[in-house]
Amino acid sequence: MSSQICRSASRAVRSVLSASKPSPLFFEGRAVAAATTTVFRGNMSTLSSFYERTEGRSASRGWIAGAMAAPAAAYMLQDQDAHAAQLERTFIAIKPDGVQRGLIADIVSRFERKGFKLVAIKLVVPSKDFAQKHYHDLKERPFFNGLCDFLSSGPVLAMVWEGEGVIKYGRKLIGATDPQKSEPGTIRGDLAVVVGRNIIHGSDGPETAQDEIALWFEPSELVSYTSNAEKWVYGAN
């Protein structure tokens, strides 16, 4: 199978090389990477084997220069595409107890230090009706009314964070619903004691995140931008 892949890649690269006279941009490897990425689909070990074989043949220096640039370029193209596809957004809210206890800076810094990007933030005092909309999936629970009373009892810091795996890992940063069961190092494990005052909320899945973001924020309040730190977090240049 590996030899078949190598032969397919060889034909793909030769077709690119024969299409036109190589230019300086070609020797950056992007043209070759586009052809070989389609064939290899991220199999870097097979890609390395292919180039080891081609180096042993009598080829021009130009062919070798273009071929040797391809592995890194192919990897970068795939890595950037995967990175763009995996970025997601989640809703995070610091509840009234977290705001009143002065924990905003500590909580925000944990998400920032992880490498996630803040794309929306505002301080609001939600109404009881609004709190009921937020907790609509718990309306049949006996604690529903008290939960809504608490959420509407004071200011809430509503946020949207963006990053790769931010929904799942955001929940890990937050910790278990019961602070007594939260691991040390998590927000609730370090900063909360009882379930009724567990200081923070985070979306538990992609659909929930989408619904909660739409409930708390207007589309115009969400900011899209490239952080200077992203290339150091994800390795995309």
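Residues numbered from 1 in each chain as written. Predicted model: local features only at pLDDT ≥ 70, side-chain atom pairs only at ≥ 80, totals over all residues. Heavy atoms only, no water.

Draft legend 1. Spatial organisation of the overall build of the protein chain. In terms of regular secondary structure, the protein chain is built from 12 helices and four strands. Out of the 237 residues in the protein chain, the part that is buried amounts to 41%. Total accessible area on the protein chain is roughly 13300 Å²; 53% of this is exposed by carbon and sulfur atoms. (Helix = DSSP H or I, 4+ residues; strand = E, 2+ residues; numbered from the N terminus. Buried < 20%, exposed > 50% of the residue type's maximum accessible area, 1.4 Å probe, protein only. Areas by Shrake-Rupley, 256 points an atom, 1.4 Å probe, with all protein chains shown as cover.)

Draft legend 2. Representation of the packing of aromatic side chains within the structure. Inspection of the entire model under this criterion finds five aromatic pairs. A ring pair is formed by Phe111 and Trp161, whose centres lie 5.2 Å apart and whose planes are at 25°; its orientation type is stacked. Here Trp161 lies in strand S3 (residues 156–164) and Phe111 lies in helix H6 (residues 104–114), a separation of 50 residues in the sequence. The pair formed by Phe111 and Trp161 is uniform in burial state, with each residue classed as buried. These aromatic residues form a ring-pair network of at least three members: Phe111, Phe116, Trp161 and Tyr169. The ring of Tyr225 has Lys117 sitting right over it, with the charged end atom 4.8 Å from the ring centre. (Phe/Tyr/Trp six-rings, centres within 6.5 Å; stacked < 30°, edge-to-face > 60°. Lys NZ or Arg CZ within 6 Å of the ring centre and 35° of its normal.)

Draft legend 3. The UniProt feature "active site" (unreviewed entry) in the protein chain, seen in detail. The UniProt record marks His201 with the feature "active site" (unreviewed entry), using the residue numbering of this structure. Residue placement: His201 occurs in strand S4 (residues 200–202). With a relative accessible area of 14%, His201 lands in the buried category. (UniProt positions renumbered as here; feature names shortened; annotations may be inferred.)

Draft legend 4. A look at the environment of His201. Once the C-alpha coordinates of His201 and Ile92 are considered, the two residues, 109 residues apart in sequence, prove to be 5.6 Å apart. Once residues within four sequence positions are removed from consideration, His201 is found in contact with Phe91, Ile92, Ala93, Lys95, His134, Ile174, Arg188 and Glu212. (Contact = heavy atoms within 4.5 Å.)

Draft legend 5. Representation of the nonpolar core within the structure. In this structure, Ile107, Phe111, Trp161, Ile199 and Ile200 are the most contacted members of the largest nonpolar core, which totals 21 residues. Per element, the largest residue contribution to this core is four residues, and it comes from helix H9 (residues 166–174). Not counting the four nearest positions on each side in its chain, Ile107 is found in contact with Ile94, Ile187, Leu191, Ile199 and Ile200. (Core = buried A, V, L, I, M, F, W, Y, C linked by side-chain atoms within 4.5 Å.)

Draft legend 6. The side chain of Lys95, seen in detail. On the secondary structure map, Lys95 appears in the loop between strand S1 (87–94) and helix H5 (96–100). In this structure Lys95 is buried but unpaired, with Asp97 as the nearest side chain of opposite charge at 6.5 Å. (Lys, Arg positive; Asp, Glu negative; His and termini not counted. Salt bridge = Lys/Arg side-chain N within 4 Å of Asp/Glu carboxyl O.)

Draft legend 7. The arrangement of the packing of H6 against H9 in detail. In contact at an axis separation of 11 Å, H6 and H9 are set at 135° when each is read in the N-to-C sense. In terms of orientation, H6 and H9 fall into the oblique class. Where H6 crosses over H9, the two elements pack in a sense that is right-handed. Of H9, the residues touching H6 (which contributes Arg110, Phe111 and Lys114) are Tyr169, Gly170 and Leu173. Of the residues that constitute the contact of H6 with H9, the class distribution is three nonpolar, one polar and two charged. (Axes fitted to C-alpha atoms, helices over the stretch in contact; angles between N-to-C directions. Parallel < 35°, antiparallel > 145°, perpendicular 65-115°, else oblique. Left-handed = near helix turned anticlockwise from the far one by under 90°. Nonpolar A, V, L, I, M, F, W, Y, C, P; charged D, E, K, R; others polar.)

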